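For reference, the chains in residue letters:
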There are 4 protein chains.
Amino acid sequence: MIRVSIIGANGYTGLELMNLLSGHPQAEIAHLVSRSNAGVKVSRLYPSLHKFECKCFEELDLGAIADDSDVVFSALPHAASAEVCGKLFEKGLKVIDLSADFRYRNVSVYEQWYKVKHPCPELCSGAVYGLPEIYREKIKVAKIIGNPGCYTTCSILPLYPLLKDKIIRPQGIIIDAKSGTSGAGRKAEVDYSFCEVNENFKAYAVTTHRHTSEIEQELSFAAGADVALSFTPHLLPIQRGILATIYCEPEQGVTGGDIFTAYQKHYGSEPFVIINEEGVLPEIKQVRHSNFVSIGFKLDKRLNRLIVISALDNLVKGASGQAIQNMNIMFGLDERTGLEQLSRYI
Amino acid sequence: MIRVSIIGANGYTGLELMNLLSGHPQAEIAHLVSRSNAGVKVSRLYPSLHKFECKCFEELDLGAIADDSDVVFSALPHAASAEVCGKLFEKGLKVIDLSADFRYRNVSVYEQWYKVKHPCPELCSGAVYGLPEIYREKIKVAKIIGNPGCYTTCSILPLYPLLKDKIIRPQGIIIDAKSGTSGAGRKAEVDYSFCEVNENFKAYAVTTHRHTSEIEQELSFAAGADVALSFTPHLLPIQRGILATIYCEPEQGVTGGDIFTAYQKHYGSEPFVIINEEGVLPEIKQVRHSNFVSIGFKLDKRLNRLIVISALDNLVKGASGQAIQNMNIMFGLDERTGLEQLSRYI
Amino acid sequence: MIRVSIIGANGYTGLELMNLLSGHPQAEIAHLVSRSNAGVKVSRLYPSLHKFECKCFEELDLGAIADDSDVVFSALPHAASAEVCGKLFEKGLKVIDLSADFRYRNVSVYEQWYKVKHPCPELCSGAVYGLPEIYREKIKVAKIIGNPGCYTTCSILPLYPLLKDKIIRPQGIIIDAKSGTSGAGRKAEVDYSFCEVNENFKAYAVTTHRHTSEIEQELSFAAGADVALSFTPHLLPIQRGILATIYCEPEQGVTGGDIFTAYQKHYGSEPFVIINEEGVLPEIKQVRHSNFVSIGFKLDKRLNRLIVISALDNLVKGASGQAIQNMNIMFGLDERTGLEQLSRYI
Amino acid sequence: MIRVSIIGANGYTGLELMNLLSGHPQAEIAHLVSRSNAGVKVSRLYPSLHKFECKCFEELDLGAIADDSDVVFSALPHAASAEVCGKLFEKGLKVIDLSADFRYRNVSVYEQWYKVKHPCPELCSGAVYGLPEIYREKIKVAKIIGNPGCYTTCSILPLYPLLKDKIIRPQGIIIDAKSGTSGAGRKAEVDYSFCEVNENFKAYAVTTHRHTSEIEQELSFAAGADVALSFTPHLLPIQRGILATIYCEPEQGVTGGDIFTAYQKHYGSEPFVIINEEGVLPEIKQVRHSNFVSIGFKLDKRLNRLIVISALDNLVKGASGQAIQNMNIMFGLDERTGLEQLSRYI
C-alpha cells in the first residue's frame with residue numbers, strides 16, 4: 001500500500017483527493033492536514049467518507065508526515081506550497097504539488113506572473129510537469145510533480161498535437177474558456193457567494209490570467225517556436241467543469257480527417273482522452289466527476305478557421321484526478337487505478 | 001418629494017431599496033450609507049442605477065442625514081440598528097427599521113431570542129409593527145416602524161385571518177418554510193458560497209429560529225390566546241423567494257368555502273395579496289421581484305388537516321418593498337407608489 | 001458473472017443503472033432496451049461509458065432477453081412495466097421492477113391510487129418490497145422485487161424504527177418532502193424545462209400524491225395499526241436528491257437518547273444508513289451520487305414534537321442504487337458491490 | 001392610448017411584452033393571441049398581471065385585431081410570422097415582428113440561412129431593421145419593423161462604431177457568445193429540460209448559426225465592405241442574459257482612448273447603452289431584466305488584439321424591450337416609456 005498524506009485536505013481539491021483515494025485499492029491515508037479543522041473527525045464533516053471514520057484532520061507536522069508517508073499531495077496556495085514541498089522532498093518523500101510552484105521551467109516566468117519570489121528555485125529544474133499524455137516517461141521517475149492547472153490541461157491537450165504536427169499555425173490562437181466556480185477554490189468571499197455567482201456570467205482577468213504563461217510554455221515546446229496567445233477565462237454558474245472554445249488557423253490544405261488522425265496518433269491509446277469525430281462537440285456533463293478530457297472540433301471552410309472544443313472536470317482531470325494519475329505512474333500502478341469513476345451525466 | 005436616506009445601502013435589502021426608490025416618483029435619495037464602500041460612486045457598482053449617477057456611498061453622518069432627510073431606512077444588523085435609529089428618531093426623523101429591533105411589544109422576548117440587550121427599550125412601545133394588512137391605521141401615524149421579517153410576513157399573513165375568525169385551532173400549527181439564499185444577506189462566508197449552496201438543500205436552526213417568536217407574537221394577538229408553533233426554515237438554492245407550507249387543524253365543519261371567504265373578507269381589497277381558489281397553489285416565480293404575497297390552500301378531508309401555502313419575494317414584500325409600502329402609508333401616498341414592479345415569471 | 005438487462009435504459013434511472021453497473025465487478029450487460037434510441041451506440045450518447053463501447057440500445061425482444069439474462073431491471077412506466085415483467089418472470093428471469101407495479105400487497109390499493117387495472121395481479125403476492133433494511137431475508141429468495149419509490153424510501157426508513165418501537169404515536173405524522181427534478185423523469189414537458197424549474201419552488205400533488213399510499217402501507221405494518229399521514233411533495237431546482245422534513249409526536253417520556261438508540265438498534269449495522277447524533281441534520285450534498293440515506297433528528301421539548309430529517313439521492317438509494325443492492329442480495333453477493341461510489345459533496 | 005395586440009403572447013417574449021406593457025402608461029392591450037391557451041384568463045396563469053385581470057388569451061382573429069389595434073407585436077416563429085404580419089400590414093396596422101422574417105435586405109440570404117420560402121418577399125424592402133441606436137430615423141416612419149435577434153443586438157452594437165470609424169479591421173472578427181436558456185424559447189424538449197441544461201455548458205450550431213448572417217449584414221454596412229466572421233453560440237445554465245466576448249484586430253496605433261471616444265461619439269446620448277471605461281467589463285447581472293446593453297473592452301498590447309465584451313438581457317433589449325423601444329419611436333413617445341425597469345442585480 002502506498003502511504004499518502006494530503007496537505008490542505010479540506011479545500012475542494014483536497015476533498016476530491018480524499019474522495020478518490022477512499023476508493024483507491026493501493027493507497028492508504030497517512031495524514032490529512034487542515035489547519036482550520038485540525039482535530040475534527042473527517043466523517044463529521046463528510047459522513048459518506050466512512051472509510052476515514054477514525055481519521056481526524058491535523059495540524060501540519062512535517063516529521064510525522066515524513067515518517068508515515070511515501071507520497072504527499074500539496075493543495076496549498078502557491079509559494080506556501082513550495083516551502084512545505086521542498087522540505088518534504090528533502091526528507092525523501094515523493095511530492096505532487098497541485099499549486100503552480102513546480103510547473104515552470106523558467107523560474108523567472110513564474111516569478112513575473114505570480115509576483116512572488118520562489119521559495120526553492122533550485123528544485124524546479126528537477127520537477128516534472130505532470131501531464132501524463134505528454135510527459136509520461138519523465139513522470140515515471142519523477143520525485144517532484146508540478147501538477148498542471150485546470151484551465152491549462154483543458155487548453156494544452158487539444159492544442160498540443162495540432163502544433164506538434166504542424167496542423168495549425170502557432171500565431172493567432174484564441175482560447176475562450178469557461179470554468180465552474182469550484183475552480184476558484186473554497187473561499188469566504190462575497191464575489192463567490194451564491195447570490196453573486198448564480199444567474200450571472202462574466203469574464204475575468206482578461207489578458208492577464210496567470211495560466212496564460214503556463215499554456216504558452218507548453219505550447220511553445222510543442223510548436224518549437226514561441227507561442228503567444230489570448231486566454232480569456234469566464235466564471236460559469238455551475239460547480240464543476242471547464243469548457244474551452246479554441247480558435248486557430250489551420251495550415252493550408254488541412255482537412256477534418258487530418259485533424260482527427262493527429263488526435264488519434266497522439267491520444268488514441270490514452271485511457272482518459274475522448275476523441276470525437278468532426279462536428280461532435282463535447283459538453284461538460286459528459287465528463288463531470290470523471291477523469292476524462294473530451295476533445296471535439298469543427299473546421300470552418302468559409303473562413304479557414306478551426307474551432308476546437310475541449311471539456312473536463314476541473315477538480316478531477318484538472319486537479320486531483322490528474323494528481324492521482326501521476327501518483328499511479330510514479331508507483332508503477334495501472335494508471336487508471338482509483339479513477340474508474342465515470343461521469344454521471346446528471 | 002420625500003427625502004430618503006438608507007443606512008446599510010450596499011447589502012441586498014439596501015440595494016433593493018435603491019432599486020425600488022429609483023423608480024418612485026415621490027421620493028428622492030438624500031444619503032446612501034455604506035461603510036465598506038464609502039466614497040465609491042453608486043453607478044460604478046450598479047451601472048443600471050443611472051438615476052444615482054452622481055451619488056456616492058457615504059460614511060455614517062447622523063447630522064447630515066437628519067438635516068437632509070424626512071425618513072430613514074435602516075438595513076443594519078439588529079442592535080446596531082436600534083442604536084442608530086434611536087438617535088435619528090430623536091432628531092425628528094421618521095424611521096423604518098428593517099432589523100428585528102422594533103418588532104417586539106415585549107422587549108424581554110426580543111432579548112431572550114436575540115441574546116442582546118436592547119439599546120433603547122423605551123422606544124419600543126411607541127413603535128408599530130409594519131405589516132400594512134394588519135396595522136395600516138397605526139402605521140399612518142407611526143414614527144418608528146419595525147419592518148417585519150421575511151419568513152414572518154410569509155407566515156403571519158396566511159394564518160392571521162384563519163386564527164382571527166376561528167377557522168383553525170391555535171394548537172398544533174407547523175410552518176415548514178423554504179427561503180432563497182438572499183435571505184441570509186450579503187455575506188463573505190463559505191457556507192453561503194456558490195459551491196456550498198448550489199445543488200444542495202438543508203434545514204437549519206430547527207426549533208430555534210428567531211422568527212418563531214415574532215410569528216408567535218402576532219398570531220397570539222390574532223387568536224386571542226397563546227400560540228406556540230413549529231417553524232422550520234430551509235435554505236433553497238435560488239436567489240429570491242420564500243415558500244411556506246403550513247399545516248393546521250380546521251375547526252369542525254369548516255369548508256373550503258369558509259376559508260376562501262375569510263381570506264376575501266380580510267384581504268379582498270388589499271393591493272398586494274393574491275388569494276387563490278382552493279387547490280390553486282402559489283409558486284415562487286409568480287411573485288418573485290414583486291411586492292405580492294400569494295396565498296393558496298387545500299383541505300385534506302381524509303385527515304381533517306388544512307394545508308396553506310404562501311409565497312413572496314423575501315427582498316420585496318419580505319423586506320424592502322414592504323418598507324416602502326410603509327413609507328407610502330406614513331406619508332399619505334397611494335400605497336402602491338413605486339411598487340408597480342410585477343413578477344417577471346422567469 | 002450475472003447477466004443483466006435493462007428495459008428503459010435511456011431514462012434517468014436506466015442511465016444510473018448503466019453507470020453503476022459499468023463499475024460492478026460481478027455484472028455484465030446483456031441487453032439495453034430503449035425504443036427511442038434503438039440502434040444507437042451507447043458511447044455515442046454517453047462517451048464516458050467506454051465499457052459499453054460496442055453496445056447499442058435495442059428494441060424490446062423478450063426472447064433474446066430471456067436467453068441472455070439472469071436478471072432484468074425494468075425502468076418502464078407503471079402498468080407497462082408489469083406487463084413486460086410478468087412475461088420475463090414466466091420465462092424464469094429474476095425481475096427487479098423500478099415502477100410501482102409490484103410494491104403493493106393489496107392490489108386494489110394500487111389500482112385505486114394509480115387508476116389502472118393491474119396487468120398481472122396474480123404475481124403481486126409473490127413479489128417482495130425491495131427495502132433491504134426491512135425485508136433483507138425475503139429479498140434473498142425473491143423472484144420479483146417491487147423496488148421502492150424515491151420519496152417512499154426517504155420517508156419509510158426514518159419512521160419505521162420509531163413506529164416499530166412505539167417511540168412515536170402513529171397519528172398526526174406529517175412528511176414535508178422536497179425532491180430534485182430528476183425525480184420527475186426525463187421528460188419533454190414545458191413544466192420541467194429549465195426556465196420553468198430554475199429559480200422556482202413549488203408544492204405539487206398536495207394531499208393526492210401516489211407515494212402516500214405506499215408509505216402508509218409500510219408504516220402501518222411497522223405500527224401494527226393503520227397509519228394515515230400527510231405527505232406533501234415539492235419540486236426543488238436541483239438535479240438530484242430528496243430531503244424530507246418529518247413532524248411527529250413522541251410518546252410520553254421519550255428522550256433524544258431513546259431515539260438514537262432505536263436507530264442504532266435497527267440500522268447500526270446497515271451498510272447504507274448514516275445515523276446522526278441529535279441536532280446534526282442531514283443535507284442533500286452529503287449523500288448526493290451515493291447509495292446512502294442519512295437520518296437526523298431534533299426533539300422540540302417546548303412543543304413535545306419530534307422533527308426527523310432524512311436525505312438520499314433519488315436516483316441511487318431512491319431507485320437504481322437500491323435496485324442493485326437488491327440484486328446483490330438476490331445473488332448472494334456482498335450488498336455493497338458496485339455501490340462504493342461516495343457522495344462528492346460538490 | 002396606443003392599442004396593442006400580441007400574437008404568440010404566451011411564449012417568453014410574449015410574456016415579457018405583457019409584463020412591460022402592463023406598466024406602459026401610453027399603451028393598452030387589445031388582443032392577446034395564444035392558441036394553446038385560448039380562453040384561459042391571463043391572471044390565472046400569471047397572477048401578478050392583475051392589470052389584465054379580465055383579459056383572456058384568444059385564438060387568432062385577424063379582423064378583430066385589425067379593428068381594435070394600432071400596432072401588433074408578432075412573437076410567432078419565422079415564416080409563420082410573416083404570413084400573419086403581411087395580412088395585418090395590409091389592413092393598415094403597424095407591425096413589429098420579433099421573428100427573423102423582416103430583418104434581411106436581401107431575401108435570398110434569409111431563404112438560404114432559414115431554408116424556407118419567404119411568404120411575402122415584396123414587403124421586405126419596406127421593412128426597417130429595428131435597432132434604434134443605428135436606424136432611429138427610419139424607425140420613426142416605419143410601418144414594418146424587423147426586430148433584431150438577441151445574439152445579433154449583443155454583437156452588432158459593440159462592433160458597429162469600431163467598424164464604422166475604422167478602429168478595427170473588418171477581417172478576423174470572432175464572436176464567442178453565451179446565452180441564457182430562455183433564448184431558446186418555451187419548449188417542450190428534453191434538450192431544454194432542467195436536468196439536461198443545469199450544471200452543463202455547451203456550444204451549439206458552431207459555424208452554422210443563423211444569426212451569423214444577420215450580424216454580417218449589418219456589420220458589412222458599417223464597414224462598407226463584406227464582413228465574414230466566426231460566431232459561436234453557447235448555452236448557459238441561466239434563465240436570462242447574453243454575454244458576448246469579441247476578439248478583433250485594432251488598426252495600427254489605436255489606443256484605448258480612441259475606442260472609448262468612438263463609443264462615446266456613437267452612443268454617448270443613447271438612453272440604453274452603458275459604456276464602460278477600459279478594463280471595466282460588463283456582467284450579465286448588471287443588465288438582467290433591464291433594457292440596457294453594457295459594453296466594455298480591453299486592449300491587449302502584447303498581442304495587438306482588442307477584446308470587447310457586451311451584455312444584455314435577451315428577452316428585453318434582445319427582444320421585447322427593444323420591440324417596445326421601437327414602438328415608442330414609431331408613435332413619437334419618449335423612447336424610454338415603459339422601459340424604466342432596472343436590473344435587479346440579484
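All values reported here derive from a predicted model rather than from experimental measurement.

### Observations concerning the domain arrangement of chain A
Residues and elements named next belong to chain A. Splitting chain A by domain gives domain 1 (2-148 + 317-330) and domain 2 (151-313). Spacing between the C-alpha centres of domain 1 and domain 2 amounts to 25 Å. Contact residues are listed per partner, giving 26 residues for domain 1 and 30 residues for domain 2. Across the domain 1 to domain 2 interface the summed buried area is about 2300 Å²; carbon plus sulfur atoms make up 52%. At the surface where domain 1 touches domain 2, the tally comes to four salt bridges. Across the salt bridge formed by Arg-240 and Glu-16, the nearest N and O atoms sit 2.5 Å from each other. The tally of links from domain 1 across to domain 2 stands at 17 residue pairs in polar contact (both at pLDDT 80 or more).

### Focus on the relation of the copies chain C and chain B
Between the two copies, chain C and chain B, the superposition gives an RMSD of 0.0 Å; the rotation angle is 180 degrees and the shift along the axis is 0.0 Å. Look at the turn and shift together and you get a two-fold axis relating the two. Interface residue correspondence from chain C to chain B reaches 100%, placing this contact among same-surface, isologous pairings.

### Some remarks on the pattern of salt bridges
Should their charged atoms come close, side chains of opposite charge can pair. Going through the model one piece at a time under the given rule, you end up with 85 salt bridges over all chains. For D:Glu196, the salt bridge is made with A:Lys285, and the minimal N-O distance between the two is 2.9 Å. Remark: A:Lys285 occurs in the loop between β11 (273-275) and β12 (293-300) and D:Glu196 occurs in helix α8 (residues 194-197); the pair is interchain, linking two chains. Like D:Glu196, the residue A:Lys285 is buried in the burial classification.

### A look at empty space enclosed by the protein
All told, the structure shown has 14 cavities of 30 Å³ or more when counted by the stated rule. A:Asn198, A:Pro237, B:Asn198, C:Asn198 and D:Asn198 are the residues nearest the centre of the largest cavity, which is lined by 14 residues in total. A class-by-class count of the residues in the lining of the largest cavity yields six nonpolar, four polar and four charged.

### Observations concerning the environment of D:Val116
All names here are of chain D. Take Val-116: it is sitting in the loop between α5 (107-114) and β5 (128-129). Accessibility expressed as a relative area gives 27% for Val-116, which makes it partly exposed. Residues Val-116 and Ala-177 lie 61 residues apart in sequence; the distance between their C-alpha atoms is 26 Å. Residues contacting Val-116, with those up to four places away along its chain left out, are His-78, Ala-79, Tyr-110 and Glu-111.

Rules used throughout
- Sequence positions are assigned chain by chain, starting from 1 and proceeding in written order.
- A letter from A marks each chain and a number from 1 marks each ligand, given out in the order of writing.
- Per-residue local features of the predicted model are confined to residues with pLDDT of at least 70, and side-chain atom pairs are confined, for both listing and counting, to 80 or more; whole-chain, interface and lining totals are unaffected and use all residues.
- In computing side-chain values, all of the structure's heavy atoms are included and hydrogens and water are not.
- Domain delimitation follows an automatic or database domain assignment.
- Whether two residues are in contact is decided by their heavy atoms, any of which lying within 4.5 Å being enough.
- Here the quantity called buried area is the accessible surface, traced with a 1.4 Å probe, that two parts lose on coming together, added over both.
- We define a salt bridge as a side-chain nitrogen of Lys or Arg found within 4 Å of a carboxyl oxygen belonging to Asp or Glu.
- Polar contact is defined as a pair of N or O atoms within 3.5 Å, subject to the rule that within protein one atom must be able to donate a hydrogen and the other to accept it, and that residues adjacent in sequence are counted only when both atoms are side-chain atoms.
- A least-squares superposition brings the copies together, and it is based on the C-alpha atoms of residues with pLDDT no lower than 70 in both.
- Strands are runs of DSSP state E lasting at least 2 residues, helices are runs of H or I lasting at least 4, and numbering of each runs from the N terminus.
- Three labels apply to residues, based on accessible area from a 1.4 Å probe with only protein chains included: buried if under 20% of the type maximum, exposed if over 50%, partly exposed otherwise in between.
- Cavities and pockets are defined on a 1 Å grid built over the protein atoms alone: a cavity is a set of grid points where a 1.4 Å probe fits but cannot escape, while a pocket is an open set with protein on both sides within 12 Å along at least five of seven lines, and lining residues are those with an atom within 4 Å of any such point.
- Grid points are joined across faces, edges and corners, and a volume is the space filled by probe spheres set on the points.
- Under the grouping applied here, Gly and all other residues not named as nonpolar or charged are polar, the nonpolar ones being Ala, Val, Leu, Ile, Met, Phe, Trp, Tyr, Cys and Pro and the charged ones Asp, Glu, Lys and Arg.

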